[in-house]
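# Summary of structural features
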Amino acid sequence: MPSLAEEELFLTSKPGKSKDKSHTMHRHFHRCFASTSTMFLWALFLVALTASYLSFQSFVDNSSKYLSTAWGGIQWEKQVRASAQIHRTNGFSVLVTGAAGFVGTHVSLALKKRGDGIVGLDNFNNYYDPTLKKARKSILNSHNIFIVEGDINDARMLAKLFDIVAFTHVMHLAAQAGVRYAMKNPNSYVHSNIAGLVTLLEECKNANPQPAIVWASSSSVYGLNEKVPFSESDRTDQPASLYAATKKAGEEITHTYNHIYGLSVTGLRFFTVYGPWGRPDMAYFSFTRNILQGKPITIYRGKNRVDLARDFTYIDDIVKGCMASLDTAKNSTGSGGKKQGPAQYRIFNLGNTSPVTVPMMVGILEKHLKNKAKKNFIEMPGNGDVPFTHANISSARTELGYKPTTDLQTGLKKFVRWYLSYSGYNHDKFVM
Ligand SMILES: O=C(O)[C@H]1O[C@H](OP(=O)(O)OP(=O)(O)OC[C@H]2O[C@@H](n3ccc(=O)[nH]c3=O)[C@H](O)[C@@H]2O)[C@H](O)[C@@H](O)[C@@H]1O
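For every chain, the first residue of its written sequence is number 1, and the numbers climb from 1 along that sequence. Note on the predicted model: pLDDT of at least 70 is required for a residue's local features to be given, and 80 or more for side-chain atom pairs to be given and counted; whole-chain, interface and lining totals, by contrast, use all residues. Computation of side-chain values covers all heavy atoms of the structure but excludes hydrogens and water.

Only DSSP runs of H or I covering at least 4 residues are called helices, and only runs of E covering at least 2 are called strands; the numbering of each starts at the N terminus. Each helix and strand in the protein was counted, giving 14 helices and 13 strands. In the protein, which comprises 432 residues, the share counted as buried stands at 47%. Any two residues whose heavy atoms approach within 4.5 Å are treated as being in contact. For the protein, the share of sequence-separated contacts (at least 6 apart) that also reach a separation of at least 24 residues comes to 81%. Here, Shrake-Rupley sampling with a 1.4 Å probe gives the accessible areas, and only protein chains in the shown set may cover a residue. Here the protein displays about 21,400 Å² of accessible surface, and carbon together with sulfur accounts for 57% of that area. Note on classification: 1.4 Å probe, protein chains only; a residue is buried when its accessible area is under 20% of the maximum for its type, exposed when over 50%, partly exposed between these limits.

The following block contains the structure:
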């Protein structure tokens, strides 16, 4: 539509009007001709105007397609500020990356519950069904936690966030997770776990004040380590997957930022975290879905038919470990992008300390689901998997007071209850 000014311009200059009534034929003809050519010129003008309007409109559309961001603006800033508000004495304001993820959602809710301010960040990628992430986001929103839709690789957006809020802590949980998917999409691991991490650390190091960082590493860094249980001082230079390699790289990269810029860093090696609102790509989750749908499940076995085992760790225990890490994190020492003194650097195992074999885990699910699984056993393909994990948590116990309390039986029961209700099944028919 033309603007009002353009319409007014057109209406106030109607062509071909004359008040002179004594015209000769010649003059009449001439006027007619003049009037026709004026009309023609006006028509041309109209066409040109319409064409330029349409091309301007398509320019605006295209520009907004490429320049459009899910962040920015006065309203957005207001929401960020409100969400970051601290509601307790000596509380924190925490930037939680990967806030719509499994661990991110639980940690954000726990922080909010005790009065800390939180700004969530998530790129809502489609590694697994984003509907689940959106559902988690709705819960967070209903607790007045604002989630910024953005990627940790977006330095401008991160700088803006640090401009608006003086974050005391960053709980960095955004990552490309999954051990076996790394063979399908290796670059996604480099994008999130390496490039994204560096972009985030750059912003943290530039921030004034610098936040303390707590972030998710992984038990997978132990790779082919055979010494059990895994201690933080054990070898981590033999990763079995690209995922593990990027997490190990993250430990080295965060160390560099700690060393050069004085960032306070705590890396948490999570051991196969499970529970309500979990990740659909993980075995306990996809097995549950398949068992309920009567579909077969594939159970990997090691050499000589040895069962694989995991130190499955329940989400509530992991959340406690994350909170204790934030609570015991010392301030970063840098300012103006420069280190002012040595800063804290820690790495902790957060596991359960009692590994369970995969067939035993399936047995527990079968019991809770009152359904038998159709099991196919195959030899573990060379896909990045490790045969077992087992955490030594004495460091976390001493320094964080970390003490896991949920066994797999209890934790899976809670998961199954949640899964049935989330997926619309009738509880009573299933859980024992
Ligand atoms: O603790 C960790 O470091 C890692 O834990 C999990 O990785 P994983 O332990 O491999 O968890 P699942 O993918 O759920 O697999 C659990 C077990 O089930 C087995 N599995 C998996 C899938 C399948 O179809 N069949 C099968 O037997 C795996 O070999 C493994 O032994 C997460 O997916 C990683 O993101 C995390 O970093």
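Another point: empty space enclosed by the protein. Cavity: a set of points on a 1 Å grid over the protein atoms alone where a 1.4 Å probe fits but cannot get out. Pocket: an open set with protein on both sides within 12 Å along at least five of seven lines, its lining residues, like those of a cavity, having an atom within 4 Å of a point. Grid points are joined across faces, edges and corners, and a volume is the space filled by probe spheres set on the points. For the structure shown, the criterion picks out one cavity of 30 Å³ or more. Considered as a void within the structure, the largest cavity measures approximately 30 Å³ in volume. In terms of lining residues, the largest cavity is bounded by His-172, Ala-174, Ala-175, Ser-192, Asn-193, Leu-197, Trp-215 and Lys-247. Each residue gets one of three labels, nonpolar for Ala, Val, Leu, Ile, Met, Phe, Trp, Tyr, Cys and Pro, charged for Asp, Glu, Lys and Arg, and polar for the others, Gly among them. Across the lining of the largest cavity, the residue classes tally to four nonpolar, three polar and one charged.

Another aspect to go through is the packing of aromatic side chains. Within 6.5 Å between ring centres, the rings of Phe, Tyr and Trp (the latter by its six-membered ring) count as paired, and their orientation is classed by plane angle as stacked under 30 degrees, edge-to-face over 60, tilted in between. With the rule as written, the count across this model stands at 26 aromatic pairs. Members of the aromatic cluster, joined through ring pairs, are Tyr-274, Trp-277, Tyr-284, Phe-285, Phe-312, Tyr-314, Phe-415, Trp-418, Tyr-419, Tyr-422 and Tyr-425. A cation sits over an aromatic face here: Lys-133 above Tyr-128, 4.6 Å from the ring centre. The side chain of Lys-205 reaches across the aromatic face of Tyr-261, ending 4.8 Å from its centre. Here, over-ring charges are defined by two tests on the NZ atom of lysine or the CZ atom of arginine: distance to the ring centre within 6 Å, and angle to the ring normal within 35 degrees.

Omega for the peptide link from Asn-208 to Pro-209 comes to 5 degrees, which places this bond in the cis form. Structurally, the position occupied by Pro-209 is in the loop between helix H7 (186–206) and strand E5 (212–218). With an omega dihedral of -15 degrees, the bond running from Val-228 to Pro-229 counts as a cis peptide bond. Considering the arrangement of structural elements, one finds Pro-229 in the loop between E5 and helix H8 (242–261). Unlike most non-glycine residues, Trp-277 shows phi in positive territory, near 65 degrees. In this fold, Trp-277 is placed in the loop between strand E7 (273–274) and helix H9 (283–293).

We now examine the site of the ligand. We call a residue near a given molecule or strand whenever any one of its heavy atoms falls within 4 Å of it. In the vicinity of the ligand, 22 residues are found, and the nearest of them are Arg-180, Ser-218, Tyr-243, Thr-272 and Asp-385. In this structure, an oxygen atom belonging to the ligand sits 2.8 Å away from a main-chain N or O atom of Ala-283. At 2.7 Å, a side-chain N or O of Arg-310 approaches an oxygen atom of the ligand. Contact with the protein chains removes 92% of the 710 Å² of surface that the ligand exposes when unbound. At the level of elements, H9 and strand E8 (296–301) are the ones that each hand at least two residues to the shell around the ligand. Here a polar contact means two N or O atoms within 3.5 Å. Within protein one must be a hydrogen donor candidate and the other an acceptor candidate, and residues neighboring in sequence count only if both atoms are side-chain atoms.

Moving on to the pattern of salt bridges. Between side chains of opposite charge, pairing is possible as soon as their charged atoms come close. Any carboxyl oxygen of Asp or Glu that lies within 4 Å of a side-chain nitrogen of Lys or Arg is treated as forming a salt bridge with it. In the structure shown here, the tally under the stated rule is 20 salt bridges. One salt bridge connects Glu-252 with Lys-248, and the closest N-O pair in it is separated by 3.5 Å. With a gap of four residues between them, Glu-252 and Lys-248 both fall in helix H8, about one helical turn apart. Relative accessible area serves as the criterion here: at 43%, Glu-252 is assigned to the partly exposed category. Residue classification places Lys-248 among the buried residues on the basis of a relative accessible area of 17%. The salt bridge involving Glu-366 is made with Lys-375; its shortest N-O contact spans 3.5 Å.

A few words now on the pairing of strand E11 (residues 345–350). Counting buried residues in E11 gives five out of six residues, a clear majority hidden from the surface. Pairing between strands requires that DSSP locate at least two bridges from one strand to the other. Direction of pairing for strand E6 (residues 265–270) relative to E11: parallel, over a ladder of six bridges. Within the sheet, the bridge partner assigned to Thr-266 lies in E11 and is Arg-346.

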